[in-house]
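Each chain, written out:
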Amino acid sequence: ARLVVSGEMANDQMCLRVESSETSDGLRNQLETAVREVTKLRGDIELLPPGALPNDGRVIEDSRDYR
């Protein structure tokens, strides 16, 4: 899994990208609930096929634009 924070100044968006062979809405809903409980923030969940995420060791990616 990888947590990606993106957006522009004061308009951050959070997306948890998870590799999973299961793509059910039940799994997505459970992950959304867990993210909200842990972070107290809403975030999108993106389910990807196994091997889709880069194998670079990063689990949090800050892609915000500070301009």
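Residues numbered from 1 in each chain as written. Predicted model: local features only at pLDDT ≥ 70, side-chain atom pairs only at ≥ 80, totals over all residues. Heavy atoms only, no water.

1. Considering the confidence of the model for the chain
Then step 1. Within the chain, residue pLDDT values average 92, and 100% of them lie at 70 or more.
Then step 2. When the elements of the chain are averaged for pLDDT, strand β1 (residues 2-8) gives the smallest value, 92, and strand β3 (residues 44-48) the largest, 96. (pLDDT = per-residue confidence, 0-100. Helix = DSSP H or I, 4+ residues; strand = E, 2+ residues; numbered from the N terminus.)

2. What about the pairing of β1?
Then step 1. Two elements, β1 and strand β2 (residues 11-19), share 7 bridges in a ladder whose sense is antiparallel. Each residue of the ladder has a partner; that of glycine 7, found in β2, is aspartate 12.
Then step 2. Between β1 and β2, which pair antiparallel and follow one another directly, the connecting turn spans 2 residues, one of which, alanine 10, has a positive phi of 65°.
Then step 3. Where β1 lies against strand β4 (residues 60-62), 3 bridges are found, and the strand directions are parallel. Looking at the pairing, leucine 3 lines up with isoleucine 60 of β4. (Pairing = 2+ DSSP bridges.)

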